[in-house]
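If you want the building blocks of each chain, they are given just below.
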Amino acid sequence: AEHLETPARNRFTYLHQEIRMRICLLHYIPGEKLYVEDLAKEFNVGLSPVRRVLSRLEADGLVEIVHGVGIIVVELDDQQLKDAYDLRVRLLAMFGDMAVLRIPPEIITRMEELEKEIRLRKHEMTAEDFSRLNMIFVDITLDLIQNYAYRKILERLYYQTAAFFMQTIHAVNLREENDIFHREVKDVLSALKVGDLEIL
């Protein structure tokens, strides 16, 4: 049922992705309380859809629903971050075995659009822009996975650690990171065009 395209499913997907992105971009900081009523009013939806999304975000490890306290944005400690990152790196080694057999043309189109945006803006991007485009890149590559369980595990691990970059952005050379990221996207795009998923 989760794969069916319905108005309710599309609304759920939008709310989930939007709130998740806000958490990862530190619009909602670790330890902050989220309020169902406020979110429902902002997005002009009922309370039930918001509660379902927040339950999903709790399963994703991004918020914690504490009885008598409320919904709290989670902060991973150093060991939890390391564990999530290390596991994601190990699982990525299986990507080729789990990927689609044929690359959908829309994936290439989306990657071309991403590459163009990075190319046109890479020397004026903010840390938030950089993080947002990285999320788009990861979402595109996740769509190359045909094994649903594997995809959901990688997705969860990535978004659990995504906010860490925003917390440590002051320690990196953003222009240099943008150049590296642009090269990576170009390499992946070239590989997709010839049907080679080994680069991922």
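For the structure, see preceding data.
Residues numbered from 1 in each chain as written. Predicted model: local features only at pLDDT ≥ 70, side-chain atom pairs only at ≥ 80, totals over all residues. Heavy atoms only, no water.

This brings us to the packing of aromatic side chains. For any pair of aromatic rings, the description rests on two quantities: the centre-to-centre distance and the angle between the ring planes. Summed over all chains, the structure comprises 4 aromatic pairs. Seen in terms of ring centroids, Phe137 and Phe181 are 5.8 Å apart; in terms of plane orientation they differ by 85 degrees. Their pairing is edge-to-face. Taken as a pair, Phe137 in helix 7 (residues 127-142) and Phe181 in helix 9 (residues 174-193) lie far apart in primary sequence, 44 residues in all. Of the two residues examined, Phe137 and Phe181, each falls in the buried class. Ring centres of Tyr158 and Tyr159 lie 4.9 Å apart, and the angle between their planes is 85 degrees; this geometry places the pair in the edge-to-face category. Judged by relative accessible area, which is 11%, Tyr158 ranks as buried. (Phe/Tyr/Trp six-rings, centres within 6.5 Å; stacked < 30°, edge-to-face > 60°. Helix = DSSP H or I, 4+ residues; strand = E, 2+ residues; numbered from the N terminus. Buried < 20%, exposed > 50% of the residue type's maximum accessible area, 1.4 Å probe, protein only.)

Once that is clear, we can look at the pattern of salt bridges. Under the counting rule described, the total for this entry stands at 14 salt bridges. When the shortest N-O distance is used, the salt bridge between Lys193 and Glu112 registers 3.4 Å. On the criterion of sequence distance, the pair formed by Lys193 in helix 9 and Glu112 in helix 6 (residues 105-121) is long-range, its members being 81 residues apart. For Glu112, a relative accessible area of 33% puts it in the partly exposed group. Here Asp143 ties to Arg151 by a salt bridge, and the two come within 2.5 Å at their closest N and O atoms. (Salt bridge = Lys/Arg side-chain N within 4 Å of Asp/Glu carboxyl O.)

A separate point is helix 1 (residues 7-24). Here helix 1 contains 18 residues, and its C-alpha end-to-end distance of 26 Å stays within 8% of the 26 Å for a straight helix at 1.5 Å per residue. All of the buried residues along helix 1 are Phe12, Leu15, His16, Ile19, Arg20, Arg22, Ile23 and Cys24. Close packing links the buried residues of helix 1 with helix 2 (36-43), helix 3 (47-59), strand 2 (63-66), strand 3 (70-73), helix 7 and helix 8 (148-168). One or two steps after helix 1, the chain reaches Leu26, where phi turns positive at roughly 65 degrees. (Expected span 1.5 Å × (residues − 1). Contact = heavy atoms within 4.5 Å.)

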